[in-house]
Every structure is written in structure tokens, then in C-alpha cells.
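Results of the structural survey
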Amino acid sequence: MEGIIIQNISNSYKVVDKEDKIHICSARGKLKQKEYLPVAGDIVNVDEKTKAICEIKERKNYIKRPKIANIDKIVFVVSMKHPSPDLLLLDKQLAFAEKLGVESIIVFNKCDLENKENIEKIKEIYSKIGYITIKMEAKNNIGIEELRKHLKDNITVFSGNSGVGKSTIINNLFKTNVTEEGMISQKNKKGKNTTTAVTLYKLQKNTYIADTPGFSTFDITEIDYRNLDKEFKEFHKYISKCRYVGCSHIYEDEKECNVKKALKENKINISRYNNYVKIYEELKEKYKRRYN
Ligand SMILES: Nc1nc2c(ncn2[C@@H]2O[C@H](COP(=O)(O)OP(=O)(O)O)[C@@H](O)[C@H]2O)c(=O)[nH]1
Ligand SMILES: [Mg+2]
Ligand SMILES: [Zn+2]
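Counting restarts for each chain, with residues numbered from 1 along the sequence as it is written. Each chain takes a letter, starting from A, and each ligand takes a number, starting from 1, following the order in which they are written. Since the coordinates come from a predicted model, pLDDT governs what is reported: local features require at least 70, and pairs of side-chain atoms require 80 or more to be given and counted, while whole-chain, interface and lining totals use all residues. Excluding hydrogens and water, the side-chain values take into account all heavy atoms of the structure.

1. So, the pairing of strand 2 (residues 12-17)
Stated precisely, the cut-off is as follows: By this definition, two strands are paired if DSSP reports at least two bridges between them. Secondary structure elements follow DSSP: runs of H or I of four or more residues count as helices, runs of E of two or more count as strands, with numbering from the N terminus.
Across 6 bridges, the pairing between strand 1 (residues 2-9) and strand 2 is antiparallel. Pairing of Asn8 across the sheet is with Tyr13, part of strand 2. The sheet contact formed by strand 2 and strand 3 (residues 22-25) spans 4 bridges and is antiparallel. Pairing of Val16 across the sheet is with Ile22, part of strand 3. Hairpin connection from strand 2 to strand 3: 4 residues lie between these consecutive antiparallel strands, with Asp20 at a positive phi of about 70°.

2. Structural notes on the nonpolar core
So the rule is basically this: What we call a nonpolar core is a set of buried Ala, Val, Leu, Ile, Met, Phe, Trp, Tyr and Cys residues that are connected through their side-chain atoms within 4.5 Å. Per-residue accessibility, obtained with a 1.4 Å probe over protein chains only, is compared with the maximum for each type, and a residue is labelled buried under 20%, exposed over 50%, and partly exposed between these values.
Counting 57 residues, the largest nonpolar core has Tyr126, Leu228, Val259, Tyr273 and Tyr276 as the members making the most contacts within it. Val77, Val107, Ala138 and Ile209 belong to the second largest nonpolar core, which has 19 residues in total.

3. What about the site of ligand 1?
The test is simple: Proximity criterion: a residue is near a molecule or strand once any of its heavy atoms comes within 4 Å of it. Identification of polar contacts relies on pairs of N or O atoms within 3.5 Å, with a donor-acceptor requirement for protein atoms, meaning one able to donate a hydrogen and the other able to accept it, and with residues adjacent in sequence counted only if both atoms are side-chain atoms. Areas reported here follow the Shrake-Rupley algorithm with a probe of radius 1.4 Å; residue values treat only the protein chains shown as occluding. Nonpolar residues are Ala, Val, Leu, Ile, Met, Phe, Trp, Tyr, Cys and Pro. Charged residues are Asp, Glu, Lys and Arg, and all others, Gly as well, are polar.
Taken together, 15 residues lie around ligand 1, and Asp112, Gly163, Lys166, Ser167 and Thr168 are the ones closest in. Between ligand 1 and the protein, one listed contact pairs an oxygen atom with a backbone N or O atom of Lys166 at 2.8 Å. Measuring from an oxygen atom of ligand 1, one finds a side-chain N or O atom of Ser167 at 2.9 Å. Contact with the protein chains covers 72% of the free accessible surface of ligand 1, which is 580 Å². It is helix 4 (residues 166-175) that provides the largest number of residues to the shell around ligand 1, a total of 3 residues. In terms of residue class, the shell around ligand 1 is built from 3 nonpolar, 7 polar and 5 charged.

4. Digging into the coordination of the zinc ion (ligand 3)
Rules: Only nitrogen, oxygen and sulfur atoms qualify as donors, provided they sit within 2.8 Å of the metal or within 3.2 Å for Na, K and Ca; with water excluded from the atoms, sites may seem incomplete. When four donors show all angles between 85 and 135 degrees the site is tetrahedral, when four or six donors have opposite pairs over 155 degrees and all other angles between 65 and 115 it is square planar or octahedral respectively, and in every other case it is irregular.
Here the zinc ion (ligand 3) is held by the protein donor atoms Cys242 (SG), Cys247 (SG), His249 (ND1) and Cys257 (SG), which lie 2.1 to 2.4 Å from it. Here the zinc ion (ligand 3) is ringed by 4 donor atoms whose angles at the metal span 101 to 118°, and the overall shape comes out tetrahedral. Counting the intervening residues between successive donors of the zinc ion (ligand 3) yields the motif C-x4-C-x1-H-x7-C. In this pair, Cys247 is assigned in the loop between helix 5 (236-239) and helix 6 (258-264) and Cys257 in the loop between helix 5 and helix 6, connecting sequence segments 10 residues apart. Neither Cys247 nor Cys257 differs from the other in exposure class; each is buried.

5. Quick notes on helix 4
Every α-helical turn comprises 3.6 residues, leaving residues that sit three or four positions apart pointing alike. Keep this limit in mind: In this analysis, two residues are considered to be in contact whenever any of their non-hydrogen atoms come within 4.5 Å of each other.
For helix 4, a buried count of 7 out of 10 residues is recorded, marking the element as mostly surrounded by other parts of the structure. Turning to helix 4, the residues buried within the fold contact strand 8 (73-79), strand 9 (103-109), helix 3 (144-151), strand 11 (155-159), strand 12 (199-204) and strand 13 (207-211).

6. Observations regarding the environment of Lys166
Note that Lys166 resides in helix 4. Considered as a pair, Lys166 and Ile63 are 103 residues apart in the sequence and their alpha carbons are 19 Å apart. Here Gly160 takes part through its backbone oxygen, which lies 2.7 Å from a polar atom of the side chain of Lys166. Polar side-chain contacts of Lys166 include one of 2.9 Å to the backbone oxygen of Asn161.

7. A closer look at the environment of Leu94
When you line up the elements, Leu94 lands in helix 1 (residues 87-100). Of the residues examined, Leu94 reaches a relative accessible area of 0% and is grouped as buried. Each C-alpha atom of the pair Leu94 and Ile105 lies 9.2 Å from the other, and the pair is 11 residues apart in sequence. Among residues more than four places away in sequence, those in contact with Leu94 are Phe76, Ser104, Ile106, Tyr126, Tyr131 and Arg272.

Structure representation (C-alpha cells):
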């Protein structure tokens, strides 16, 4: 039987088959891939008799923290006020998604607290690059349906600082979808999740939202600073025309840098470029200290 793992607690795996039946399985003995263990999001083959997972299908991708496989999309939630937008963090998270090869959706939440002009200014930076951007007032259930359209047939993870509105958004997604047994019914009376394990909740057919207790944003230290420029989507078409191979697009002695030229001509946004430099220096510093 083939299914998807929606939860893993030690050696117990909840596997959902094509008929939506949940099987409690284990993952030892028969498992072909002894070198690693299955995680939430894995498509697996299960031995019907023993309920042992015997094979993990090849992964599209794998994230260490939170431990999850086969993610299709990441939703980055940015708060417009209280807390104010953290664009450095957003740019880090977008770089992470680019490296992983996963599509990003940027949600600007708490739009009720900020004026239209400021919202548009920030939103435009990212929509111009080609990112999907959504204005939201999760508290007032505005923007939820627009987001829902992008989640269909995908496994989605939410990322963003504490307090930006992730839980409010996820709860609204499930609340307005009364026909499906969702997150709400699987929570206890206080509305808290009953588990600390990464869990995939079914929003609709083939559509899952990962609930990731204790997780807020991705660790990007695995990105090699020398390749960071490639994770900035809008830099792509300029990079190849820099004079120096391996140009970092930062230092004065790198003459005829095409990225800097694009920056001067306003083809690259200054906030994005400045954050690129900050992230580059941060990753480089970490790399230098890696043996300490
Ligand atoms: N004004 C306003 N507050 C919001 C909105 N969305 C969420 N909040 C509030 O922001 C706070 C943090 O939200 P929460 O969903 O817990 O954030 P999380 O930490 O990212 O899960 C709560 O008090 C929410 O009611 C919104 O669109 N507008
Ligand atoms: Mg929360
Ligand atoms: Zn350059």
C-alpha cells in the first residue's frame, strides 16, 4: 500500500492511503533505505500485513528543521505593523526557498494597521521580481481565499516571526472550509495543538498544511555565501555579465560589476541589494568561524 506520512512520533508513523484511511505504521526491519528514516511528507510503501514501512519514495526535497520532506510551497508571513516588516528576514527566507527549489508566497498581513501607500511600496518590491504577493487582514478574514487558491494540490509550510499572524491565517483557512475535517477538530478545547510533532493537516483533497510546533523561520547557514547571489532571483540576468568570475557584487575592486550597474539604474531594488550584502557578510563570517 502506498501513502503519505502525515505525522511521526518516534517509531510511530501515521500514513494516509489513497482512500484517506489512516494507518499506524513502523519503520524498521523491512525498510530498504537503512541510511535514513522517513519523515512527515514522505511518500512510502507499507507492508499491508505488518504495517511496516518498507520503502521511501525519492524525495523532491528535504528540510532538517522542521523535519519534513516533499514541500511544494512556503508561505512567508510578514506583518505590516506590530511587529513592523522585517525585510531582512524575508530576504533570507526567500533565499532559502530558492536554494530548496520551492515556490514562495509572500503574505503581507495586518494591512488594517498600515496605510495603503506603504503597503504598496513594499509589496511592489517583491511582485516586480516575480514573487506571488498577497495583502491580508487575517483578523478580518480578508485575503484568505486568495491564499487558498495557491495552496491547492500542494504541501505548504508557513514561515514568519512570532506574532505576525501565522496561526490566525491557518485557523481561518480551516474554519472557512467546514466540509473538511481540519485542524480545528484535531485541536484540544483550548485551541492548542495536542502534539509537538510536525503534522500535515488536510485542507482539501491532495492539499496539506504543515503544522510545525516551535518552528518560526528557516536556518539559512547552509547557503554558501559565494552562491548567495544565485538565490536572489532578480540578480540572475545580470550576474553572468560581471567582468570577474566569482564577482561578489560588493567590493570596490570588482570592476565592471553588472549587478551594481543594474542597481544604479534602479533595475535592482536598493533594499534587496543592501540585504544581500548583509546576508553575504553574515554567511561569510559564519563560514570563517566554522571550526571554532
Ligand atoms: N490588527 C491585526 N491583528 C492581527 C491580524 N492577524 C493576526 N493578528 C493578531 O496578531 C497576534 C498574533 O497572531 P498569531 O496568529 O498568534 O501569530 P503567530 O505567532 O505568527 O502565529 C494576535 O493577537 C492576532 O489576533 C490582522 O490582520 N490584523
Ligand atoms: Mg502561532
Ligand atoms: Zn558583480
